[in-house]
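For reference, the chains in residue letters:
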Amino acid sequence: MNSQSSVQPSVAPFHHPTSGTWTYVVADPGTRAAAVIDPVLDYDWRSGRTGTRAADAVIGHCRDAGLEVRWILETHAHADHLSSAPYLQSQLGGVIAIGQGIRKVQATFKRVFGLGDEFTADGSQFGRLLADGDAVPLGDITGRVIASPGHTSDSVAYLFGDALFVGDTLFMPDSGSARCDFPGGDAAELYRTVQRFFALPGATRVFVCHDYAPGGREPRCETTLAEQRAANIHVRDGVTEQDYVEMRNRRDATLDVPNLILPSIQVNIRGGRLPPPEPDGVSYLRIPLDVVGRPL
Ligand SMILES: [Fe+2]
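Colleague: I keep staring at the overall build of the protein chain and nothing clicks. Help me out?
Modeller: Along the backbone of the protein chain there are 7 helices and 15 strands. Taken over C-alpha atoms, the radius of gyration comes to 18 Å for the protein chain, in line with the 19 Å a tight globule of 296 residues would show. Expressed along its principal axes, the backbone C-alpha trace of the protein chain runs to roughly 55 × 50 × 35 Å. Burial analysis of the protein chain (296 residues in total) assigns 52% to the buried set. Carbon and sulfur atoms make up 50% of the accessible area of the protein chain, which amounts to about 12800 Å² in all.

Colleague: Whenever I open this one, the pattern of salt bridges confuses me. Can you help?
Modeller: Side chains that differ in charge, positive against negative, can pair when their charged atoms come close. Taken as a whole and assessed by the stated rule, the structure comprises 11 salt bridges. The shortest N-O distance in the salt bridge between Arg46 and Asp44 comes to 3.2 Å. Judged by its relative accessible area of 63%, Arg46 is exposed. Look at Asp44 and you get partly exposed, because its relative accessible area is 26%.

Colleague: Can you walk me through the layout of surface pockets in this structure?
Modeller: Any space left empty among the atoms is revealed by the rolling of a water-sized probe across them. In this model, the largest pocket occupies a volume close to 920 Å³. Ser19, Asp80, Tyr212, Pro258 and Asn259 are, among the 39 residues lining the largest pocket, the residues nearest its centre. Among the elements of the structure, β4 (40-44) and α6 (241-252) are those that each provide at least two residues to the lining of the largest pocket. With 5 residues, β4 is the largest single contributor of residues to the lining of the largest pocket. Across the lining of the largest pocket, the residue classes break down as 17 nonpolar, 11 polar and 11 charged.

Colleague: Explain the packing of aromatic side chains to me, please; I cannot follow it from the model alone.
Modeller: Working definition: an aromatic ring pair is given by the centre-to-centre distance plus the angle between the planes. Counted under the stated rule, the structure contains 7 aromatic pairs. Ring centres 5.4 Å apart and planes at 70° place the aromatic pair Tyr24 and Phe207 in the edge-to-face group. Of this pair, Tyr24 sits in strand β2 (residues 21-27) while Phe207 sits in strand β14 (residues 205-207), and the two are 183 residues apart along the sequence.

Colleague: Explain the pairing of strand β11 (residues 141-147) here, please?
Modeller: Looking along a regular strand, one sees side chains alternate from face to face of the sheet. Alignment of strand β10 (residues 135-138) against β11, held across 4 bridges, turns out to be antiparallel. Across the sheet, residue Val136 finds its bridge partner in β11, namely Gly143. Relative to strand β12 (residues 156-160), β11 runs antiparallel, the two sharing 4 bridges. Within the sheet, the bridge partner assigned to Ala147 lies in β12 and is Val156.

Colleague: Mind showing me how you'd approach the environment of Thr254 here?
Modeller: Within the fold, Thr254 resides in the loop between α6 and α7 (261-268). Residues Thr254 and Ala199 lie 55 residues apart in sequence; the distance between their C-alpha atoms is 31 Å. Within polar-contact distance, the side chain of Thr254 engages the backbone oxygen of Arg251 at 2.6 Å.

Colleague: I'm lost on the coordination of the iron ion in this one. Help?
Modeller: When four donors bind a metal tetrahedrally, each ideal donor-metal-donor angle is 109.5 degrees, and when six bind octahedrally, the ideal angles are 90 or 180 degrees. Only His76 (NE2), His151 (NE2) and Asp168 (OD) from the protein coordinate the iron ion, and they sit 2.0 to 2.4 Å from it. Each donor residue of the iron ion lies on the same chain, and together they follow the pattern H-x74-H-x16-D. Pair noted here: His76 is in the loop between β6 (68-73) and β7 (82-83) and His151 is in the loop between β11 and β12, with a separation of 75 residues, a long-range link. With respect to class, His76 is no different from His151; both count as buried.

Rules of the game
- Residues numbered from 1 in each chain as written.
- Predicted model: local features only at pLDDT ≥ 70, side-chain atom pairs only at ≥ 80, totals over all residues.
- Heavy atoms only, no water.
- Helix = DSSP H or I, 4+ residues; strand = E, 2+ residues; numbered from the N terminus.
- Rg over C-alpha atoms; globule rule 2.2 N^0.38 Å.
- Buried < 20%, exposed > 50% of the residue type's maximum accessible area, 1.4 Å probe, protein only.
- Areas by Shrake-Rupley, 256 points an atom, 1.4 Å probe, with all protein chains shown as cover.
- Salt bridge = Lys/Arg side-chain N within 4 Å of Asp/Glu carboxyl O.
- 1 Å grid on protein atoms, 1.4 Å probe; cavity = no way out; pocket = protein on both sides within 12 Å on 5 of 7 lines; lining within 4 Å.
- Points joined across faces, edges and corners; volume = space filled by probe spheres on them.
- Nonpolar A, V, L, I, M, F, W, Y, C, P; charged D, E, K, R; others polar.
- Phe/Tyr/Trp six-rings, centres within 6.5 Å; stacked < 30°, edge-to-face > 60°.
- Pairing = 2+ DSSP bridges.
- Polar contact = N/O pair within 3.5 Å; in protein donor to acceptor, adjacent residues only side chain to side chain.
- Donors = N, O, S within 2.8 Å, 3.2 Å for Na, K, Ca; no water.

So, to be careful, I would describe these as geometric facts and stop short of saying anything about function.
The structure is reproduced here in structure tokens:
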């Protein structure tokens, strides 16, 4: 599991204020091979308009730095923002990849959204489905996939050199951990995922997928495993699985459904593509009434 090498990647973070998402461009400084992790498509829920401002900033960075994008990596099918992976791919190339657990997520939400045979829950919307331990080559750096279930069943983390991209598992130490009440979520699994992270060297740089800037501080994206082990408010050294699960489940019962869960999921299970246009040339999203929030 420890694939740390002497070559360490450069990491450029991009903050998306409306969703609190961090997108990363991770690159091998020697060969300029790069991966984009969790790119965002702008979406205004009031008007239904999508936009590429956030993605264009990532594209501009990759072009200015002369990077060759090999991968566009999702940590999971996000419920709070739409992915811009296909747009990025059209501009920069790269293989769009996600954890192989996406097939289960697709099957669940195919039912939720009442999708027909035109939608297959087989992961074929992605260029590559990744399993625990898979290699993600990036020039002279070989990234590793770490299956990280708990928040969702398709969650994966990516370890490039000393940089660990944890997706929705741990947040910054003052923010704790991701919720585990979505379909396929499981607090005990998230605890075990975090213990696998904690077995890595303490100096490992940790890059979070979200930061909601508690207390009005500046948004932050980077910490270390040592800092997490010492100070994470939900799961640090000494917190037992039972204590964590009780805290997590209690807290999850108080959380609202994310604002963009319905638009996000039905785009993200399609690999970030909008639903196929109807005969009038327009793509439509579906809103199932009185479904989300009851057992799926
Ligand atoms: Fe998430």
